[in-house]
4 protein chains.
Amino acid sequence: MSIKVAVTGATGYAGGEVLRLLLAHPEVEIGALTGASTAGTRFGQHQPHLLPLADRIVAETTPENLAGHDVVFLALPHGASGAVAAQLPDDVLVIDCGADHRLESAADWTTYYGSEHAGTWPYGLPELIVGEESRQREVLPGVRRIAVPGCNVTAVTLGLQPAVAAGIVESADLVAVLANGFSGAGKALKPHLLAAEGLGAASPYGVGGVHRHIPEILQNLRHAGADEATISFTPTLVPMARGILATATARLASHATSEVVRDAYDAVYADEPFVHVLPEGQWPTTAAAIGANTALIGVTVDDRAGRLVTVTAIDNLVKGTAGGAIQSMNLALGLPETTGLTTIGVAP
Amino acid sequence: MSIKVAVTGATGYAGGEVLRLLLAHPEVEIGALTGASTAGTRFGQHQPHLLPLADRIVAETTPENLAGHDVVFLALPHGASGAVAAQLPDDVLVIDCGADHRLESAADWTTYYGSEHAGTWPYGLPELIVGEESRQREVLPGVRRIAVPGCNVTAVTLGLQPAVAAGIVESADLVAVLANGFSGAGKALKPHLLAAEGLGAASPYGVGGVHRHIPEILQNLRHAGADEATISFTPTLVPMARGILATATARLASHATSEVVRDAYDAVYADEPFVHVLPEGQWPTTAAAIGANTALIGVTVDDRAGRLVTVTAIDNLVKGTAGGAIQSMNLALGLPETTGLTTIGVAP
Amino acid sequence: MSIKVAVTGATGYAGGEVLRLLLAHPEVEIGALTGASTAGTRFGQHQPHLLPLADRIVAETTPENLAGHDVVFLALPHGASGAVAAQLPDDVLVIDCGADHRLESAADWTTYYGSEHAGTWPYGLPELIVGEESRQREVLPGVRRIAVPGCNVTAVTLGLQPAVAAGIVESADLVAVLANGFSGAGKALKPHLLAAEGLGAASPYGVGGVHRHIPEILQNLRHAGADEATISFTPTLVPMARGILATATARLASHATSEVVRDAYDAVYADEPFVHVLPEGQWPTTAAAIGANTALIGVTVDDRAGRLVTVTAIDNLVKGTAGGAIQSMNLALGLPETTGLTTIGVAP
Amino acid sequence: MSIKVAVTGATGYAGGEVLRLLLAHPEVEIGALTGASTAGTRFGQHQPHLLPLADRIVAETTPENLAGHDVVFLALPHGASGAVAAQLPDDVLVIDCGADHRLESAADWTTYYGSEHAGTWPYGLPELIVGEESRQREVLPGVRRIAVPGCNVTAVTLGLQPAVAAGIVESADLVAVLANGFSGAGKALKPHLLAAEGLGAASPYGVGGVHRHIPEILQNLRHAGADEATISFTPTLVPMARGILATATARLASHATSEVVRDAYDAVYADEPFVHVLPEGQWPTTAAAIGANTALIGVTVDDRAGRLVTVTAIDNLVKGTAGGAIQSMNLALGLPETTGLTTIGVAP
């Protein structure tokens, strides 16, 4: 099989990462690379690490340029995906790495994004628990529209859902604090994203319940069985280019030993190719996930505090975006789910 | 006045920072610099940034070398301070930057440190609320032994105590997650502290209720009025040399607007020289605190999650250790509390 | 004495650093803080580390707002200083942190900057050798216009001038390669200055003889005695917020031992308050210079290669810009040269 | 084909990187992983990013444990390889990532390493020019011992050899200054390699002609045609985990335009799979080489300075060590040279 793939927003971080992974995908041929302000320029200027594509020219994002592809990845700012997708035939697999089609509730969308909702697409988190013994991966074969989860959402959902599903924790009063690499903010030219600001500093953003990933996390955890989930969610920028370390805690529903908890996590993830629960006493470092489509999870019980503590490390651009997207693409197209994806990180 | 000061552990990070600040203190004369394995070597080899002391020779930590000083700072690994302090006259001001004398409960000490408690000294956090209208600074004038708080403890205590004291939040089920610079771990030669490991990575440590700063935080919050405080506490190493960003949340006791909360924080901190509550909408970055004896605090209410969210930035080596220590020294000696200390950070 | 000082470009990195240092200057009162696009905003938004100025409002850069000051610092992009300076009275001390007035040769200016030269001002590098036994500091008392050197220029000049002046090296075929922190590039919103790009990466800029600091270095070295100086000069961005590490080499004129070389350096710098030649075997780290007005220099002879090797560390914003500027201000105003400046760095 | 491979020093950085790449090599089966102090421990503790090997146990480095493999990689401190190699059969392909067998001159070895030379092995830099139209890759098929080049050596050699071979530059008076990531120093527990020291700082090491990579660079350039090569060589540690940016300059033999120079480089490298000369005006960043077996080279002429300037970016652990080693392994075993290796970097 040779699947022809186009990538819009190819000169950004998400688009670049989709291409990095597609270059290693045995069934894919890379077609159009499109951009907005970068159209007409040499691709190698923008993504010098993707050497095999260095001499390509960035095309404009037009229906003509996107025509003739089996799959189109949208790596665009939120609000822009709907218009492009509307121009693509129904039988083309369109994978939106942006936020536009993730939320099921139009009201949630309007509350957090302040605009009109573009509609809901099948959700691209194959490991999501969507009922006893069911996973989201069962929904994906054959779909032609996929909404890729938010990177923070993937980390927090994977860290908490086994405990929520098993009833080990209360779903109310969850608390998550994340250490985030700068690529998660994209290539936007904003003062606080400058290297001189970011080097050697940690700072929070979207504090106090306003971050747009909150309704998406809660939506996922409701699928996993949470009735009345609430979450205090605080991401913090730290001096890394990539990576998310999500520390998520939940009130224990009753006494649970670390062993019971670990069994619950193993039961959910033992057969997952891309989610790895670390042995007792080992905790994840983002370093181990860089470049890999892996989520590394540590979990324990803090009896004195009455809380379950989980720490999840992912590469925001891989398992958090492009890797998860390709995993879902594989499922949609009937390929083995792991095709072209690796669990091997680049460290140190 | 000329106060003669000795520093033990002068070649480590805490000792070096005490000296950096003492060099700018108008009433201090720097006496002995002592060390263990570094005794006999040129000080400039170890602390090349302290140019005025570069040609000094590190002395051994002996009673003879520490004799004749008005103040002795102990910047030693925990467990080592007691023996040195026992050799010093009662009228010498001894300031322990280590953990040995912080805890009031010998049982807590044994639980978290696993050895016998060395005894409790007056606690060197001048801003600590110790009763309605009372602060710890009132205790310090004239004392001759001071236990400097743990760096994480200072950040979390300052972030939470106004809300606890005002009854805005429940003291049970506090949650704190911290981004920590590597100097907090000292100059210990451990694999996970290598630059190749730390650069570009975030990783947690002391997860699940075992970190030794937990009983100290709870002790402080009890002084501030918490009856039944519990805390889930997770520090994470991120790629910074200095700095702590502490995100601490607490369940709201009842509905409270951000304005009410902010008023409570302003009431406690408006006259504090070294604690600064940021205006609505501005959040702290550790960059702004580097090199300064400042705690920068942002606070807001997350109504949906039912939690107060506070974010506190400090320099772990300054307000978190050496600066706080000198602030307490000033109080003990009857000097103006701010002598030799600055609120001006080194950024970017 | 109370010297009233205004700073234009106060919200940028150079302007912020001038203010950081002025806040510690005992003879200075800080007057107007002016900016362009930031006029009307709260200063604390832009420079949160300068707490004592947090509630100031940024003023527009107009003659009215700059009136009534004894000293005006210009921290503006090159090309903008001339117009502002022209509006200021002759008896006001105007200190230009930008490039406009550094070069003595209008032809050099036009070659490297491509515009018309704004004229030459007295050069603010007090340590510059300008003849046997003469230093540039002798020129500065009483002047009312000062051109602050480029940061890279200061590092390379201080590293090479003793060898050049002593005839130890040939002045032709100098080679300098620098590791540069990102603050040297200012707060400009350019893609390659983003944190995601800079973290974990090294990259050169201005390669091949086109960097604008080249003619300024050569001008300085001619003052120090170089007849036919040429220099290959390559700066490289590395993941630091601050700091320059300049490795500069020169062909040995004849056999010279490291001892002879070291003596030559000591002879030039032994009495300099802000230039420190490290002992044999110790090499500078930028860490030791951060926040300090210090240049740390290591020097040795590589006999096999036939080259003198010097490595100089400075903080680009302090000795490289704001500290050097204030040092020159002190001289111009008849204050002790070291007033308000420190040799103590902030490390680690 | 299934080639069984053992790796000694498997828990270090070089060993880990060899394994990371071997895991992606289609013809390789990973056999014994051996170590010294780590023998008996779970491999996942040491290299958590190599998930497929996480549950392996580290074996001792004994002849028994290394028996039965087709290839043995030695990733050991220098001085240790000879003894291990001596115990391995002649028909096993032994690839030494350390320094022991790189130098052809026993005198050079003794001068720079101070011990007795262990002997010279075929040199594993396939792109090395070893005569007009000849490359080192022609030597490698069928060999059973390979000495992998030093990482700095690879960067500097690739950057300079086309100019040297074409006679564009004089081979005397070469100057190279490098920005180096910390993994190049290995996992050694030394104070200057601590994260708190390395974060935010640049510092040189091995200054003044004493670095052990110098004789190896000169040896290579002699093969490429340099008669009387000398080099001033200064590496500097900068805050990166991986990467080398080598700025290497050479005196122009006569006037040469950038076009002529570029043609010479293209002539040498146009068909090289892993060496890429960037187009005019684009300069390499280490970011583009991370994780890839690529050397990215920029080159230009500085007429005023009379020097050719080259800047080469590699990943010290890939093209600089493990990738180069596997490239040579492929040649030795008769596999296509690029098997299992990628030119795609992990950025940002």
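Residues numbered from 1 in each chain as written. Chains lettered and ligands numbered in written order. Predicted model: local features only at pLDDT ≥ 70, side-chain atom pairs only at ≥ 80, totals over all residues. Heavy atoms only, no water.

Chain A goes by N-acetyl-gamma-glutamyl-phosphate reductase in an unreviewed UniProt entry, where it is assigned to Aeromicrobium piscarium. Turning to chain A, the UniProt record has this under Pathway (unreviewed entry): "Amino-acid biosynthesis; L-arginine biosynthesis; N(2)-acetyl-L-ornithine from L-glutamate: step 3/4." (UniProt positions renumbered as here; feature names shortened; annotations may be inferred.)

A. How the structure looks around the overall build of chain A. Across its full length, chain A holds 10 helices and 13 strands. Relative to a compact globule of 348 residues, whose C-alpha radius of gyration would be 20 Å, chain A shows 19 Å and is just as compact. Referenced to the eigenvectors of the C-alpha coordinate spread, the extents of chain A come out at roughly 60 × 45 × 40 Å. Among the 348 residues that make up chain A, the fraction classed as buried is 66%. Within chain A, residue pairs in contact and separated by at least 24 positions form 72% of the contacts whose partners lie at least 6 positions apart. Surface accessibility of chain A: about 10700 Å² in total, with carbon and sulfur atoms responsible for 51%. Between the averaged position of the 19 positive side-chain charges in chain A and that of its 34 negative side-chain charges there is a distance of 6 Å. (Helix = DSSP H or I, 4+ residues; strand = E, 2+ residues; numbered from the N terminus. Rg over C-alpha atoms; globule rule 2.2 N^0.38 Å. Buried < 20%, exposed > 50% of the residue type's maximum accessible area, 1.4 Å probe, protein only. Contact = heavy atoms within 4.5 Å. Areas by Shrake-Rupley, 256 points an atom, 1.4 Å probe, with all protein chains shown as cover. Lys, Arg positive; Asp, Glu negative; His and termini not counted. Charge placed at Lys NZ, Arg CZ, Asp CG, Glu CD.)

B. Here's a closer look at the side chain of Arg42 of chain C. As for its placement among the helices and strands, Arg42 of chain C is situated in the loop between β2 (28-35) and α2 (43-46). In terms of polar contacts, Arg42 of chain C uses its side chain to reach the side chain of Gln282 of chain B, at 3.2 Å. At a separation of 3.1 Å, a polar atom in the side chain of Arg42 of chain C contacts the side chain of Asp55 of chain C. The contacts of Arg42 of chain C, once residues within four sequence positions are left out, are Pro279 and Gln282 of chain B together with Ala54, Asp55, Arg56 and Ile57 of chain C. (Polar contact = N/O pair within 3.5 Å; in protein donor to acceptor, adjacent residues only side chain to side chain.)

C. The interface of chain D and chain A, seen in detail. The partner chain A presents 32 residues to the 31 residues of chain D that form the contact. In total, about 2400 Å² of surface goes out of reach between chain D and chain A, with carbon and sulfur atoms giving 68% of it. For the interface between chain D and chain A, the tally reads 0 salt bridges. Applying the counting criterion to the chain D and chain A interface returns 12 residue pairs in polar contact (both at pLDDT 80 or more). Contributing elements (two or more residues each) for the side of chain D that touches chain A: α1 (13-22) and α2 (43-46) of chain D. Here the side of chain D that touches chain A takes 3 residues from α1 of chain D, the largest share from any one element. When its residues are assigned to classes, the side of chain D that touches chain A shows 16 nonpolar, 11 polar and 4 charged. (Buried area = accessible area lost by both parts, 1.4 Å probe. Salt bridge = Lys/Arg side-chain N within 4 Å of Asp/Glu carboxyl O. Nonpolar A, V, L, I, M, F, W, Y, C, P; charged D, E, K, R; others polar.)

D. Seen up close, the sheet that holds strand β5 (residues 93-96) of chain D. Residue and element names in this part refer to chain D. Read across the open sheet, the 6 strands follow the order β3-β2-β1-β4-β5-β6; overall the sheet is parallel. One side of each edge strand has no neighbouring strand; the edge strands of this open sheet are β3 (59-60) and β6 (145-147). Contacting β1 (3-8), β2 (28-35) and β4 (71-74), α1 crosses the sheet at an angle of about 160 degrees to β1. (Pairing = 2+ DSSP bridges. Axes fitted to C-alpha atoms, helices over the stretch in contact; angles between N-to-C directions.)

E. Inspection of the packing of aromatic side chains at higher detail. Scanning the entire structure with this criterion turns up 8 aromatic pairs over all chains. With a centroid separation of 3.8 Å and 5 degrees between ring planes, the pair formed by Trp109 of chain D and Tyr113 of chain D is classed as stacked. Separated by 4 residues within a single helix, Trp109 of chain D and Tyr113 of chain D lie in helix α5 (residues 106-113), roughly one turn from each other. In terms of burial, Trp109 of chain D and Tyr113 of chain D fall into one category: buried. Of note, Arg145 of chain A hangs over the ring of Trp121 of chain A, and the distance from its end group to the ring centre comes to 5.7 Å. (Phe/Tyr/Trp six-rings, centres within 6.5 Å; stacked < 30°, edge-to-face > 60°. Lys NZ or Arg CZ within 6 Å of the ring centre and 35° of its normal.)

F. Expanded view of the UniProt feature "domain: Semialdehyde dehydrogenase NAD-binding" (unreviewed entry) in chain A. Within this structure's numbering, the places UniProt gives as "domain: Semialdehyde dehydrogenase NAD-binding" (unreviewed entry) are residues 4-136 of chain A. In residues 4-136 of chain A, the share of helix is 24% and the share of strand is 17%. The end C-alpha atoms are 25 Å apart.

G. Focus on unusual backbone geometry. In this model, Ala347 of chain B is joined to Pro348 of chain B through a cis peptide bond whose omega is 0 degrees. In this structure, Pro348 of chain B sits in the segment after α10 (318-333). Backbone geometry at Glu133 of chain B places phi at a positive 65 degrees, although glycine is not the residue there. Topologically, Glu133 of chain B is positioned in the loop between α5 (106-113) and β6 (145-147). Even without being glycine, Asp173 of chain C reaches a positive phi, approximately 65 degrees.

H. Summary view of the confidence of the model for chain A. Per-chain confidence: chain A averages 96 in pLDDT, with 100% of residues scoring 70 or above. Overall fold confidence (pTM) sits at 0.98, and the ipTM for the predicted complex is 0.97. (pLDDT = per-residue confidence, 0-100.)

I. Up close: the UniProt feature "active site" (unreviewed entry) in chain A. Mapped onto this numbering, the UniProt entry gives "active site" (unreviewed entry) at Cys151 of chain A. With respect to the secondary-structure elements, Cys151 of chain A resides in helix α6 (residues 151-165).

J. Representation of helix α5 (residues 106-113) of chain A in the model. Residue and element names in this part refer to chain A. Among the residues of α5, those classed as buried are Trp109, Tyr112 and Tyr113. Down the axis of α5, the smallest arc covering the buried residues is 85 degrees, so these residues share one side. In this structure, the buried residues of α5 make contact with α8 (214-223). In this structure Ser105 caps α5, since a side-chain oxygen of it lies 3.3 Å from the backbone nitrogen of Ala107. In the stretch just after α5, Gly114 is the one whose phi turns positive, near 75 degrees. (Arc of directions from axis to C-beta.)

K. Layout of the packing of helix α6 (residues 151-165) of chain D against helix α8 (residues 214-223) of chain D. Residues and elements named next belong to chain D. Contact geometry for α6 and α8: axes closest at 9 Å, N-to-C directions at 30 degrees. Considering their axes alone, α6 and α8 lie roughly parallel with respect to each other. Pair α6 / α8 crosses with right-handed handedness. Residue-level contacts link Val153, Val156, Thr157, Leu160, Gln161 and Val164 of α6 to Glu216, Ile217, Asn220 and Leu221 of α8. Residue composition of the contact of α6 with α8, by class: 6 nonpolar, 3 polar and 1 charged. (Parallel < 35°, antiparallel > 145°, perpendicular 65-115°, else oblique. Left-handed = near helix turned anticlockwise from the far one by under 90°.)

L. The arrangement of the relation of the copies chain D and chain A in detail. Laying chain D over chain A is done by rotating through 180 degrees and shifting 0.0 Å along the axis; what remains is an RMSD of 0.0 Å. Expressed as a symmetry operation, the mapping of one chain copy onto the other fits a two-fold axis. Identified as the residue of chain D closest to the rotation axis by C-alpha distance is Gly200 of chain D, at 3.5 Å. Looking at the interface residues of chain D, 100% of them are also at the interface in chain A, so both copies use one shared face. (Least-squares fit on C-alpha atoms with pLDDT ≥ 70 in both.)

M. Focus on the pattern of salt bridges. Following the criterion strictly, the structure yields 48 salt bridges over all chains and no others. Ionic pairing is found between Glu216 of chain A and Arg102 of chain A, a salt bridge with its closest N-O pair at 3.6 Å. Here Glu216 of chain A is found in helix α8, whereas its partner Arg102 of chain A is found in the loop between β5 (93-96) and α5, with 114 residues between them in sequence. Summarising the burial analysis for this pair, Glu216 of chain A and Arg102 of chain A share the class buried. Put simply, Arg137 of chain C and Glu337 of chain C hold a salt bridge, and the shortest N to O gap is 2.7 Å. Placement of Arg137 of chain C in the loop between α5 (106-113) and β6 (145-147) and of Glu337 of chain C in the segment after α10 (318-333) is noted, with a sequence separation of 200 residues between them.

N. The arrangement of the relation of the copies chain A and chain B in detail. At an RMSD of 0.0 Å, chain A and chain B line up after a rotation of 180 degrees and a shift of 0.0 Å along the axis. Here 100% of the contact residues of chain A are again contact residues in chain B; the copies associate through an equivalent surface.

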